[in-house]
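Structural characterization, general
So you can see what is in the structure, the chains are spelled out below.
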Amino acid sequence: MTVLSLPRMLRAGQAMPDHVLACLSFGNAAAPQLAAGYALPLPPWASDAASTIEVWPASGPVHRYESHGYACADDGQHLFFWRIDASSADIERAAHDAYRDLRALCADSGYPQLLRIWNYFDGVTDGDGDDERYRRFCVGRHRALAEPGFERRLPAATLIGTRKPGLQLYGVASRNAGIQVENPRQTSAFRYPREYGPSSPSFSRATRYGDALLLSGTAAIVGHQTQHPHQLMPQVDAMLDNVRTLLSHAEGGPWHAQSLKLYLRDPAEAPQVVAAVRDVLGNAAPLLVLQGEVCRRDLCVEIEGVFERAVTLPVSA
Ligand code: 3EB
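Fair warning: this is a prediction, and the values are worked out from it, not measured in the lab. (Residues numbered from 1 in each chain as written. Predicted model: local features only at pLDDT ≥ 70, side-chain atom pairs only at ≥ 80, totals over all residues. Heavy atoms only, no water.)

1. Observations regarding the overall build of the chain
The criterion, for reference: In this description a helix means any DSSP run of H or I spanning at least four residues, a strand means any run of E spanning at least two, and both kinds are numbered starting from the N terminus. Only C-alpha atoms enter the radius of gyration; for comparison, a globular chain is expected to reach 2.2 Å times N to the power 0.38, where N is the number of residues. Only protein chains enter the accessibility calculation, which uses a 1.4 Å probe; a residue whose area is less than 20% of its type maximum is buried, one above 50% is exposed, and one in between is partly exposed. Only heavy atoms matter for contacts: two residues are in contact if any of them lie within 4.5 Å across the pair.
Along the chain, the regular secondary structure elements total five helices and 18 strands. For the chain, the C-alpha radius of gyration of 18 Å lies close to 20 Å, the compact-globule estimate for 317 residues. Counting all 317 residues of the chain, 56% fall into the buried class. The contacts of the chain with a sequence gap of at least 6 include a subset with a gap of at least 24, amounting to 78%.

Take a look at the structure:
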């Protein structure tokens, strides 16, 4: 098993790794101009967060190229891919084409295993009933991915609404498969019932890969139902219960948080939410708070994270 160098949050001035697959900055004009740098339209909450970048270290020299409409970076072990579709007006089509091209990219590049994917686009909950943009996105994504057995190898994912138009998609693929993890407290998203749209959302709750557990965007959904609609702090508790359940259910633990991202509709609410997250997941991991919309109107908050297998230190005599 090759080891994935986990993404790290770096503050301005902190040393960069020698080789880098990608650097992500978050909605801030002041972000350093970096090679392999990508900007996400997600305003960070605090000024220290504004100078934070997410760095994906590479295991060695990086090959950069464009293929199938994606900007690609690979180090021989893992492939980082990135794409912006400026036109997201027909979001079903944009999603279909982006995922169709991603499948072709993964197959052709020798990195057939999708581990983790992030999806960001505007107006996620605009439109009513089956015309809602999130539901149209799910239809397009499902149409591009569906084939026998695909629900047993879905990547972990995040999907968040932005205010900037366009579909932005990035993630990482590998040569070796990860292990799909579902949450016993939640209906698998790919089995959500018809009331949530014509096609179910194609993602897993987490991917376990070597010493890493890549946790998908997790909200206050138990079974398939939103808990405490529109109520922030009760949703935070339900969301953290979901995370706790998944962490204890995923084999190979105990797992500890390595980096966390929290998405809030209203970042002014961050302090109390951050305190609740710290109570459950500890103080050690960097936690980035970003402004974004969860894909159900009644959901206020979502969390994602990278977790690592706890290392047992040898006891010195
Ligand atoms: C949920 O559990 C909340 O459609 O890719 C979280 C992560 C959510 C990913 C996606 C949706 C997605 O249904 C929303």
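Right, picking up where we left off after that structure.
2. Things to note about the pattern of salt bridges
Heads up, the rule is: Salt bridge criterion: a side-chain nitrogen from Lys or Arg within 4 Å of a carboxyl oxygen from Asp or Glu.
For the structure on display, the rule yields 20 salt bridges. For the salt bridge of R93 with D97, the shortest nitrogen-to-oxygen distance reads 3.5 Å. Here the residue R93 and the residue D97 both occupy positions in helix α2 (residues 91-109), the gap between them amounting to four residues, near one helical turn. Given the relative accessible area of 54%, R93 is considered exposed. Owing to a relative accessible area of 17%, D97 belongs among the buried residues under this scheme. We note a salt bridge from R116 to E304, for which the minimum N-O separation is 3.5 Å. Placement of R116 in strand β8 (residues 113-122) and of E304 in strand β18 (residues 301-309) is noted, with a sequence separation of 188 residues between them. Summarising the burial analysis for this pair, R116 and E304 share the class buried.

3. A closer look at the site of the ligand
Short version of the rule: A molecule or strand has a residue near it when one of that residue's heavy atoms lies within 4 Å. What qualifies as a polar contact is a pair of N or O atoms within 3.5 Å, subject to a donor-acceptor requirement within protein and to the restriction that residues adjacent in sequence count only when both atoms come from side chains. In these tables, accessible area is a Shrake-Rupley quantity obtained with a 1.4 Å probe, and a residue counts as shielded only by the protein chains included in the view.
The environment of the ligand is made up of 13 residues, and the closest members are Y134, R141, Y192, F203 and R205. In the model, an oxygen atom of the ligand is placed 2.7 Å from a nitrogen or oxygen of the R141 side chain. Interatomic distance of 2.8 Å between a side-chain N/O atom of R205 and an oxygen atom of the ligand. Contact with the protein chains removes 99% of the 360 Å² of surface that the ligand exposes when unbound.

4. Section: the UniProt feature "domain: Chorismatase FkbO/Hyg5-like N-terminal" (unreviewed entry) in the chain
Rules: UniProt positions are given in the numbering used here, feature names are shortened, and annotations may be inferred rather than shown by experiment.
According to UniProt, the feature "domain: Chorismatase FkbO/Hyg5-like N-terminal" (unreviewed entry) maps to residues 54-173 in the numbering used here. A helix fraction of 27% and a strand fraction of 38% characterise residues 54-173, whose end C-alpha atoms lie 17 Å from each other.

5. Topic: empty space enclosed by the protein
What counts here: Only protein atoms enter the calculation, which uses a 1 Å grid: trapped sets of points that fit a 1.4 Å probe without letting it out are cavities, open sets showing protein on both sides within 12 Å along at least five of seven lines are pockets, and any residue with an atom within 4 Å of a point is a lining residue. Grid points are joined across faces, edges and corners, and a volume is the space filled by probe spheres set on the points. Note on residue classes: Ala, Val, Leu, Ile, Met, Phe, Trp, Tyr, Cys and Pro are nonpolar, Asp, Glu, Lys and Arg are charged, and everything else, Gly too, is polar.
Per the counting criterion, the structure on display carries one cavity of 30 Å³ or more. Taken as a whole, the largest cavity holds about 80 Å³ of empty space. Along the walls of the largest cavity sit P7, M9, E54, R116, W118, L215, S259, L260, K261, E304, G305 and V306, which together make up its complete lining. The set of elements that each furnish at least two residues to the lining of the largest cavity consists of β8, β16 (255-264) and β18. Across the lining of the largest cavity, the residue classes break down as six nonpolar, two polar and four charged.

6. Focus on helix α5 (residues 270-281)
Given 3.6 residues per turn, any residue in an α-helix points the same way as the ones three and four places further on. Selection criterion: Residue count minus one, scaled by 1.5 Å, sets the expected span of a helix. In this description, the arc belongs to the directions extending from the helix axis to the C-beta atoms.
In a regular helix each residue adds 1.5 Å, so twelve residues correspond to 16 Å; α5 covers 16 Å between its end C-alpha atoms and thus fits that length. All of the buried residues in α5 are A270, V273, V274, A276, V277 and L281. With its buried residues spanning 160° around the axis, α5 presents them on a single face. Where α5 is buried, its residues contact α4 (232-249), β16, β17 (287-291) and β18.

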